[in-house]
Amino acid sequence: MSEKRYFRQQNPFIVPTTDGKLIEEHIGQASTGTSQYSVAHMVAPPQWSEPHQRPEFDEVTIVVRGRKRFEIDGDVVELSAGESLLIKAGARVRYSNPFDAECEYWSICVPAFSPATVNREEE
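Remember, predicted model here, so these are calculated numbers, not experimental data.

A. Quick peek at the UniProt feature "domain: Cupin type-2" (unreviewed entry) in the chain. Per the UniProt record, "domain: Cupin type-2" (unreviewed entry) is found at residues 42-108. With 0% helix and 60% strand, residues 42-108 has its two end C-alpha atoms placed 11 Å apart.

Have a look at this one:
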(Lines give C-alpha, C1' and ligand atoms only; values in the text may rest on other atoms or scores of the structure.)
Protein backbone atom coordinates (compact mmCIF):
# COMPACT_ATOMS: atom_id res chain seq x y z
CA MET A 1 0.00 0.00 0.00
CA SER A 2 1.33 3.43 -0.88
CA GLU A 3 1.87 6.27 1.58
CA LYS A 4 -1.15 8.52 2.14
CA ARG A 5 -0.94 11.93 0.50
CA TYR A 6 -2.57 13.76 3.39
CA PHE A 7 -2.17 14.21 7.12
CA ARG A 8 -5.00 14.88 9.57
CA GLN A 9 -3.85 16.76 12.67
CA GLN A 10 -5.95 15.86 15.67
CA ASN A 11 -3.47 16.72 18.43
CA PRO A 12 -1.50 19.89 17.66
CA PHE A 13 1.70 20.42 19.63
CA ILE A 14 1.10 22.86 22.50
CA VAL A 15 4.22 25.00 22.75
CA PRO A 16 5.14 25.64 26.38
CA THR A 17 5.06 29.36 27.21
CA THR A 18 5.53 31.46 30.33
CA ASP A 19 3.68 34.59 29.16
CA GLY A 20 0.08 33.34 28.97
CA LYS A 21 0.07 32.99 25.17
CA LEU A 22 -1.47 29.84 23.69
CA ILE A 23 0.47 28.37 20.75
CA GLU A 24 -0.88 25.26 19.00
CA GLU A 25 1.42 24.16 16.20
CA HIS A 26 -0.62 22.12 13.72
CA ILE A 27 2.13 21.61 11.13
CA GLY A 28 5.82 22.33 11.66
CA GLN A 29 9.07 21.16 13.13
CA ALA A 30 7.77 20.43 16.65
CA SER A 31 4.48 18.76 15.62
CA THR A 32 5.18 16.89 12.38
CA GLY A 33 8.89 17.33 11.65
CA THR A 34 8.04 19.54 8.68
CA SER A 35 10.75 22.12 7.93
CA GLN A 36 9.35 23.67 4.72
CA TYR A 37 6.54 25.59 6.48
CA SER A 38 4.65 25.79 9.76
CA VAL A 39 1.05 26.56 10.65
CA ALA A 40 0.05 27.57 14.17
CA HIS A 41 -3.08 28.77 15.94
CA MET A 42 -2.42 31.33 18.68
CA VAL A 43 -4.26 33.32 21.33
CA ALA A 44 -2.40 36.28 22.83
CA PRO A 45 -3.76 37.56 26.15
CA PRO A 46 -4.44 41.26 26.75
CA GLN A 47 -1.30 43.35 27.38
CA TRP A 48 0.98 40.63 25.94
CA SER A 49 4.19 41.36 24.02
CA GLU A 50 7.39 39.72 22.81
CA PRO A 51 10.89 41.13 22.40
CA HIS A 52 12.02 42.38 18.99
CA GLN A 53 13.22 39.68 16.62
CA ARG A 54 14.68 39.34 13.13
CA PRO A 55 13.32 36.02 11.77
CA GLU A 56 14.97 34.15 8.92
CA PHE A 57 11.53 33.13 7.58
CA ASP A 58 8.54 34.86 6.00
CA GLU A 59 5.50 35.00 8.29
CA VAL A 60 1.85 35.48 7.40
CA THR A 61 -0.52 36.43 10.22
CA ILE A 62 -4.31 36.15 9.86
CA VAL A 63 -6.30 37.72 12.71
CA VAL A 64 -9.51 35.89 13.62
CA ARG A 65 -10.59 37.83 16.72
CA GLY A 66 -9.36 40.94 18.48
CA ARG A 67 -6.44 43.13 17.37
CA LYS A 68 -2.68 42.70 17.12
CA ARG A 69 0.11 45.28 16.87
CA PHE A 70 3.27 44.87 14.82
CA GLU A 71 6.34 47.09 14.94
CA ILE A 72 8.16 46.41 11.65
CA ASP A 73 11.42 48.18 10.82
CA GLY A 74 10.17 51.30 12.63
CA ASP A 75 6.60 51.24 11.29
CA VAL A 76 3.58 50.39 13.46
CA VAL A 77 0.79 48.31 11.92
CA GLU A 78 -2.37 47.21 13.72
CA LEU A 79 -4.56 44.40 12.38
CA SER A 80 -8.17 43.66 13.25
CA ALA A 81 -10.23 40.51 12.74
CA GLY A 82 -10.37 39.51 9.08
CA GLU A 83 -7.09 41.21 8.16
CA SER A 84 -3.77 39.60 7.28
CA LEU A 85 -0.15 40.66 7.01
CA LEU A 86 2.99 39.24 5.37
CA ILE A 87 6.30 40.08 7.05
CA LYS A 88 9.36 39.15 4.98
CA ALA A 89 12.39 37.36 6.39
CA GLY A 90 14.99 39.70 7.84
CA ALA A 91 12.61 42.43 8.99
CA ARG A 92 13.05 43.60 12.58
CA VAL A 93 9.65 42.96 14.16
CA ARG A 94 7.96 43.07 17.53
CA TYR A 95 4.56 41.47 18.12
CA SER A 96 2.17 42.66 20.82
CA ASN A 97 -1.42 42.82 22.02
CA PRO A 98 -1.52 46.05 24.05
CA PHE A 99 -5.32 45.98 23.99
CA ASP A 100 -7.88 44.91 26.62
CA ALA A 101 -9.17 41.81 24.77
CA GLU A 102 -7.55 38.57 23.61
CA CYS A 103 -6.23 38.33 20.06
CA GLU A 104 -6.76 35.06 18.21
CA TYR A 105 -4.80 34.49 15.02
CA TRP A 106 -3.11 31.99 12.72
CA SER A 107 0.53 32.16 11.71
CA ILE A 108 2.13 30.54 8.65
CA CYS A 109 5.94 30.58 8.43
CA VAL A 110 8.03 29.69 5.35
CA PRO A 111 10.35 27.96 6.01
CA ALA A 112 8.99 26.58 9.29
CA PHE A 113 9.32 28.49 12.54
CA SER A 114 12.38 27.52 14.53
CA PRO A 115 13.72 28.93 17.81
CA ALA A 116 17.16 28.83 16.14
CA THR A 117 16.09 31.15 13.29
CA VAL A 118 13.74 33.61 15.04
CA ASN A 119 16.68 35.65 16.40
CA ARG A 120 14.95 37.23 19.42
CA GLU A 121 16.71 40.21 20.98
CA GLU A 122 17.46 40.47 24.69
CA GLU A 123 15.16 42.95 26.42
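Here the narrative resumes, following the displayed structure.
B. Local environment of the pairing of strand β5 (residues 58-65). Where β5 and strand β10 (residues 103-110) come together, 7 bridges link them in antiparallel fashion. Counterpart to Thr 61 in the pairing with β10 is Ser 107. Pairing between β5 and strand β8 (residues 84-87): 4 bridges, direction antiparallel. Within the sheet, the bridge partner assigned to Val 60 lies in β8 and is Leu 86.

C. Representation of the pattern of salt bridges. Under the defined criterion, the tally for this structure stands at 8 salt bridges. A salt bridge links Arg 92 to Glu 121; the nearest nitrogen and oxygen atoms lie 2.7 Å apart. With a gap of 29 residues between them, Arg 92 in the loop between β8 and β9 (93-97) and Glu 121 in the segment after α1 (115-118) connect regions that are remote in the sequence. Classification of Glu 121 by relative accessible area gives partly exposed; the value is 31%. Members of the salt-bridge network, linked through shared partners, are Lys 21, Glu 50 and Arg 120.

D. Spotlight on the packing of aromatic side chains. Tallying each qualifying case throughout the model produces 2 aromatic pairs. Summarising the aromatic geometry, the rings of Phe 70 and Tyr 95 are spaced 5.6 Å apart at their centres and angled 80 degrees between planes, so their arrangement reads as edge-to-face. Of the two residues, Phe 70 is situated in strand β6 (residues 67-72) and Tyr 95 in strand β9; the sequence distance between them amounts to 25 residues. On the basis of relative accessible area, Phe 70 is assigned to the buried category, the value being 0%. Across the ring face of Phe 99, the terminal group of Arg 67 is positioned such that the distance to the ring centre comes to 3.7 Å.

E. Structural context of the environment of Arg 65. Inspection of the secondary structure assignment puts Arg 65 in strand β5. For Arg 65, a relative accessible area of 36% corresponds to the partly exposed category. The sequence separation of Arg 65 and Glu 102 amounts to 37 residues, and the corresponding C-alpha distance is 7.6 Å. If we ignore the near neighbours within four places in the chain, the residues touching Arg 65 are Val 43, Ala 81, Glu 102, Cys 103 and Glu 104.

F. Looking closely at the nonpolar core. Ranked by internal contacts, the top residues of the largest apolar core, which has 16 residues, are Phe 70, Ile 72, Leu 85, Ile 87, Tyr 95 and Tyr 105. Listing elements by their share of this core, those giving two or more residues are β3 (38-44), β6, β8, β9 and β10. With 3 residues, β3 is the largest single contributor of residues to this core. The contact partners of Phe 70, leaving out residues within four places of it in the chain, are Thr 61, Asp 75, Val 76, Val 77, Leu 79, Leu 85, Ile 87, Arg 94 and Tyr 95.

Rules and cut-offs
- Residues numbered from 1 in each chain as written.
- Predicted model: local features only at pLDDT ≥ 70, side-chain atom pairs only at ≥ 80, totals over all residues.
- Heavy atoms only, no water.
- UniProt positions renumbered as here; feature names shortened; annotations may be inferred.
- Helix = DSSP H or I, 4+ residues; strand = E, 2+ residues; numbered from the N terminus.
- Pairing = 2+ DSSP bridges.
- Salt bridge = Lys/Arg side-chain N within 4 Å of Asp/Glu carboxyl O.
- Buried < 20%, exposed > 50% of the residue type's maximum accessible area, 1.4 Å probe, protein only.
- Phe/Tyr/Trp six-rings, centres within 6.5 Å; stacked < 30°, edge-to-face > 60°.
- Lys NZ or Arg CZ within 6 Å of the ring centre and 35° of its normal.
- Contact = heavy atoms within 4.5 Å.
- Core = buried A, V, L, I, M, F, W, Y, C linked by side-chain atoms within 4.5 Å.

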